[in-house]
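A look at the structure
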Amino acid sequence: MSKDAPAISHAVQDYLKAIYKLQNGHEADGSVNTKVLSDHLDVAAASATNMVKKLAEMKLVAYTPYKGFALTLSGEKIALEVIRHHRLLERYLADSLGYSWDEVDAEADRLEHVISEEFEDRIDAALGFPKTDPHGDPIPAKDGSIQKQDTRRLSDIEMGETVVIRQVSDESSEMLRYMDDLGLRPSATVLVKDRAPFNGPMLVSIDDSGEHSLGLEVAGNIFVSAMDEAA
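Summarised in this report is the structure supplied together with it. (Residues numbered from 1 in each chain as written. Predicted model: local features only at pLDDT ≥ 70, side-chain atom pairs only at ≥ 80, totals over all residues. Heavy atoms only, no water.)

**A closer look at the overall build of the protein chain**
When helices and strands are tallied, the protein chain shows eight helices and eight strands. The C-alpha atoms of the protein chain give 19 Å as radius of gyration, which agrees with the globular expectation for 231 residues (17 Å, within 12%). Considered along the principal axes of its C-alpha atoms, the protein chain spans approximately 55 × 45 × 30 Å. In the protein chain, buried positions account for 40% of the 231 residues. A sequence separation of at least 24 residues applies to 63% of the contacts in the protein chain between residues at least 6 apart. Both charge centroids of the protein chain, one from 24 positive and one from 41 negative side chains, sit 6 Å from each other. (Helix = DSSP H or I, 4+ residues; strand = E, 2+ residues; numbered from the N terminus. Rg over C-alpha atoms; globule rule 2.2 N^0.38 Å. Buried < 20%, exposed > 50% of the residue type's maximum accessible area, 1.4 Å probe, protein only. Contact = heavy atoms within 4.5 Å. Lys, Arg positive; Asp, Glu negative; His and termini not counted. Charge placed at Lys NZ, Arg CZ, Asp CG, Glu CD.)

Here it is in structure tokens:
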């Protein structure tokens, strides 16, 4: 956190980061409820409810019982600062220290709360001011702004369309390793050559390097845009 900001516990930061991601994820509607939050963090519903009440008292979330809650501007600012640390660390771990993209999330989780603002700035400069982390997620700018991408799930792409991968979900290390084996990384181009009926697999060509059968569970965790859309 910035030098002038009041001390915010690591637990509070973790909750704010989680709420931001749930609020702003693909197909999110801008609000979160305690069940979704507790499932995401793998904590008891009562623990999530108590923390949300605490965040409301701190004016970091606007909370309406039975209707969900959302970050306030103050809560969003803290969340984006933590996310900036996390995604810069992921990029540094992958680009400079040789970590694989399925390892960086857990390591960044351990480090994001403890790096100084100076260290953050030096990482940013050393990496050439990257715009995204290894999974394609946008890195918030120093001023708290973030460049969001307009994407669709690969599982929703029709036969015959060619698209560019912009982001992939980092929720499953095993799935990331599978994607990596197939070359399903940000900036790769994917041609959907066929789709089996009744939610069957897709036949895709990745960077013109051969055909692969891709299950919809994997395709649903890959986010793409049209070839002519800016990254």
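Still more to cover.
**Let's talk about the sheet that holds strand 7 (residues 211-214)**
Strand order in the open sheet formed by six strands is 3-8-4-5-6-7, with antiparallel pairing between adjacent strands. Both edges of this open sheet fall to strand 3 (152-153) and strand 7, since each of them pairs with a single strand only. Where strand 3 and strand 8 (residues 222-226) come together, two bridges link them in antiparallel fashion. Residue pairing for strand 8: Arg 152 is matched across the bridge by Val 224. Against the sheet, helix 7 (residues 173-182) engages strand 4 (162-168), strand 6 (202-206), strand 7 and strand 8, with an angle of about 160° to strand 7. (Pairing = 2+ DSSP bridges. Axes fitted to C-alpha atoms, helices over the stretch in contact; angles between N-to-C directions.)

**Re the pairing of strand 2 (residues 68-71)**
With four bridges connecting them, strand 1 (residues 61-64) and strand 2 associate as antiparallel partners. The residue of strand 2 that forms the bridge with Val 61 is Leu 71.

**Considering the pairing of strand 6**
For strand 6, the buried fraction is high: four of the five residues fall into the buried class. Of the pairings in the sheet, the one linking strand 5 (residues 189-195) to strand 6 comprises five bridges and is antiparallel in character. Opposite Val 190, over in strand 6, you have Ile 206 as the bridge partner. In sequence, strand 5 turns back onto strand 6 through a hairpin of six residues, with Phe 198 there showing a positive phi of about 55°.

**Things to note about the packing of aromatic side chains**
A ring pair, where both rings are aromatic, is described by two values, the distance of the centres and the angle of the planes. Here the structure, examined in full by the defined rule, presents zero aromatic pairs. A cation over a ring is seen here: Arg 185 above Trp 101, with NZ or CZ 3.9 Å from the ring centre. (Phe/Tyr/Trp six-rings, centres within 6.5 Å; stacked < 30°, edge-to-face > 60°. Lys NZ or Arg CZ within 6 Å of the ring centre and 35° of its normal.)

**Here we look at the pattern of salt bridges**
Per the stated rule, a full pass over the model turns up 16 salt bridges. Measuring nitrogen to oxygen at the nearest pair gives 3.0 Å for the salt bridge that ties Asp 109 to Lys 17. A residue pair is termed long-range when its members are at least 10 positions apart, and Asp 109 in helix 5 (residues 104-111) and Lys 17 in helix 1 (residues 10-24) qualify at 92 residues. Among the salt bridges present, the one from Asp 102 reaches Arg 177, with a minimum N-O distance of 3.0 Å. In this pair, Asp 102 sits in the loop between helix 4 (73-96) and helix 5 while Arg 177 sits in helix 7, placing the two residues 75 residues apart along the sequence. (Salt bridge = Lys/Arg side-chain N within 4 Å of Asp/Glu carboxyl O.)

**What to know about helix 3 (residues 45-57)**
Over its 13 residues, helix 3 runs 19 Å from end to end, which matches the ideal 18 Å to within 8%, given 1.5 Å per residue. Within helix 3, burial applies to Ala 48, Met 51, Val 52 and Leu 55. An end-on view of helix 3 places all buried positions within 105° of arc, on one side of the element. In helix 3, the exposed positions angled more than 90 degrees off the buried face are occupied by Ala 46, Asn 50 and Glu 57. Among the structural elements, helix 1, helix 2 (34-41), strand 1 and strand 2 are those in contact with the buried residues of helix 3. Positioned one or two residues after helix 3, Lys 59 has a phi angle of 60°, which is positive. (Expected span 1.5 Å × (residues − 1). Arc of directions from axis to C-beta.)

**Regarding the side chain of His 86**
Looking at the element boundaries, His 86 is found in helix 4. With a relative accessible area of 7%, His 86 lands in the buried category.

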